[in-house]
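In case you want the letters, here they are:
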Amino acid sequence: MLHGYIPPHRFLPYLSWTEVDALPDRANTVIVLPCGAIEQHGPHLPCSVDSVIASGVIGRALELLPQSVPAYAMAPITYGKSEEHLHFPGTMTLTGTTLLSTVVEIGESVYRAGFRKLVFANGHGGQPQVLEMAARELRLRHGDFVVVPHGVSRLPNASGRQISEQEKKLAMHAGHAETALMLALAPDTVHMARAVANFPPPFPIQLLSPDGRPACAWTARDFGPSGVIGDPTSATREQGVEILETLAASWAQVLAELHALRWLVREESTWERGHQTGFIQGAAALA
């Protein structure tokens with residue numbers, strides 16, 4: 001069924017329009033849009049990693065959330081801005097302009113339905129800037145709209161206790177944590193016999209990169225033919241379950257606090273009324 005990892009009773013598309021219209025407190029109901037990607041993740045993981053993790057973590061968080069907290073997930077965006085991996089077969093990518101327009105238009109639909117709290121739960125490291133731009137644009141258009149773009153794995157979780165110092169400093173893709181999470185969420189898609197470790201050379205200009213991560217633009221093939229940037233070889237399902245449960249608990253807390261949040265409401269200015277669509281139109285003209 002369409003809901004995948006999301007609990008059916010927390011899946012917004014399963015409601016009829018009359019049920020959505022009858023929700024008692026739409027302004028404080030939290031809507032979550034999992035944002036993933038379809039892109040290479042080395043020879044041992046499927047191309048669906050980012051979409052699976054974004055939906056899987058949010059789905060588990062919604063299972064943990066008290067029923068008294070109104071929150072729903074939308075059908076995930078499974079294609080993202082993945083140009084840094086386009087040299088590897090299986091990668092499907094949108095342009096930044098297409099993703100930006102898509103997310104803003106979905107946000108407008110959420111707002112039209114009467115909701116005023118929206119989370120972009122991002123599972124892909126190549127697109128946070130696009131989602132941040134979309135969130136800012138929606139806030140500029142609507143002074144009572146609270147839009148939160150946040151990395152799905154960037155809340156407190158157990159992964160820091162499991163990985164090496166080298167992994168913490170240099171891993172970026174298809175490493176230990178992602179592999180462990182996939183062993184917990186979709187074990188049949190993981191092939192540990194094919195797992196290889198691969199790290200980029202530390203970036204030599206310390207003022208630009210104190211931890212050694214690349215400070216310049218890069219593509220995945222810059223670091224070798226496997227597509228892996230990290231060390232997945234010691235990941236286990238038990239570690240993945242621990243990461244999943246701790247991440248989901250953090251997200252459940254965040255969703256509950258967002259429901260309770262009463263943020264600033266800003267009156268729309270004359271300038272804003274005249275420029276509501278200018279940002280997206282301008283971006284499209286440059287594409």
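Before any of the text, the structure's been laid out above.
Everything numeric here is computed off the predicted structure, so don't read it as measured data. (Residues numbered from 1 in each chain as written. Predicted model: local features only at pLDDT ≥ 70, side-chain atom pairs only at ≥ 80, totals over all residues. Heavy atoms only, no water.)

## Some details on the pairing of strand 3 (residues 117-122)
Extensive coverage of strand 3 is indicated by the burial of six of its six residues. Looking at chain direction, strand 1 (residues 30-35) and strand 3 are connected through six bridges and run parallel. For Val30, the partnering residue across the bridge sits in strand 3 and is Lys117. Where the polypeptide runs from strand 3 across helix 4 (residues 128-141) and back to strand 4 (residues 146-151), its parallel neighbour, the crossover connection is right-handed. (Buried < 20%, exposed > 50% of the residue type's maximum accessible area, 1.4 Å probe, protein only. Helix = DSSP H or I, 4+ residues; strand = E, 2+ residues; numbered from the N terminus. Pairing = 2+ DSSP bridges. Right-handed = clockwise from strand over helix to strand, strands pointing away.)

## Focus on the state of the cysteines
Here a disulfide denotes a covalent bond joining the sulfur atom of one cysteine to the sulfur atom of another. Tallying each qualifying case throughout the model produces zero disulfides. Cysteine Cys35 remains unbridged, with the sulfur of Cys47 as its closest cysteine sulfur at 19 Å. (Disulfide = S-S within 2.5 Å.)

## What about a nonpolar patch on the surface?
Residues Met1, Leu2 and Tyr14 make up a contiguous nonpolar surface patch of about 390 Å² in total accessible area. Here Met1 shows up in the segment before helix 1 (17-21). (Patch = residues over 30% accessible without salt bridge, like charges linked within 9 Å, V, L, I, M, F, W, Y side chains within 5 Å. Areas by Shrake-Rupley, 256 points an atom, 1.4 Å probe, with all protein chains shown as cover. Salt bridge = Lys/Arg side-chain N within 4 Å of Asp/Glu carboxyl O.)

## Structural notes on the packing of aromatic side chains
What the rule picks out here adds up to three aromatic pairs. Seen in terms of ring centroids, Trp218 and Phe223 are 5.6 Å apart; in terms of plane orientation they differ by 50 degrees. Their pairing is tilted. One residue, Arg116, lies across the ring of Tyr111, its end atom 3.5 Å from the ring centre. (Phe/Tyr/Trp six-rings, centres within 6.5 Å; stacked < 30°, edge-to-face > 60°. Lys NZ or Arg CZ within 6 Å of the ring centre and 35° of its normal.)

## Quick notes on the nonpolar core
With 38 residues, the main nonpolar core has Ile53, Ile58, Leu62, Met182 and Trp251 as its most contacted residues. Those elements giving two or more residues to this core turn out to be strand 1, helix 2 (49-64), strand 2 (71-73), strand 3, helix 6 (176-185) and helix 7 (237-260). In terms of residue count, helix 7 provides more of this core than any other element does, eight residues in total. For Ile58, the residues in contact, after removing those within four places along its chain, are Ile6, Val32, Ala73, Ala121, Val152 and Trp251. Val20, Leu23, Val110 and Leu138 belong to the second largest nonpolar core, which has 25 residues in total. (Core = buried A, V, L, I, M, F, W, Y, C linked by side-chain atoms within 4.5 Å. Contact = heavy atoms within 4.5 Å.)

## As for the sheet that holds strand 4
Spatial ordering of the open sheet is given by 2-1-3-4, a layout of four strands whose pairing is parallel. Looking at strand neighbours, the two that pair on one side only are strand 2 and strand 4, the edges of this open sheet. Mean inter-strand twist for the sheet, computed between neighbouring axes without regard to direction, equals 20 degrees. Relative to strand 4, strand 3 runs parallel, the two sharing six bridges. Bridged to Asn122 within strand 4 is Gly151. Lying on the sheet, helix 4 is in contact with strand 1, strand 3 and strand 4; it crosses strand 3 at an angle near 170 degrees. (Axes fitted to C-alpha atoms, helices over the stretch in contact; angles between N-to-C directions.)

## Let's talk about the packing of helix 3 (residues 96-112) against helix 4
With their axes 9 Å apart at the nearest point, helix 3 and helix 4 run at an angle of 40 degrees to one another. Our classification of the angle between helix 3 and helix 4 gives oblique. Considering the relative orientation of helix 3 and helix 4, their crossing is right-handed. From helix 3, Gly96, Leu99, Leu100, Val103, Val104, Gly107 and Glu108 reach across to helix 4, where they touch Val130, Leu131, Met133, Ala134, Glu137, Leu138 and Arg141. Considered class by class, the residues forming the contact of helix 3 with helix 4 number nine nonpolar, two polar and three charged. (Parallel < 35°, antiparallel > 145°, perpendicular 65-115°, else oblique. Left-handed = near helix turned anticlockwise from the far one by under 90°. Nonpolar A, V, L, I, M, F, W, Y, C, P; charged D, E, K, R; others polar.)

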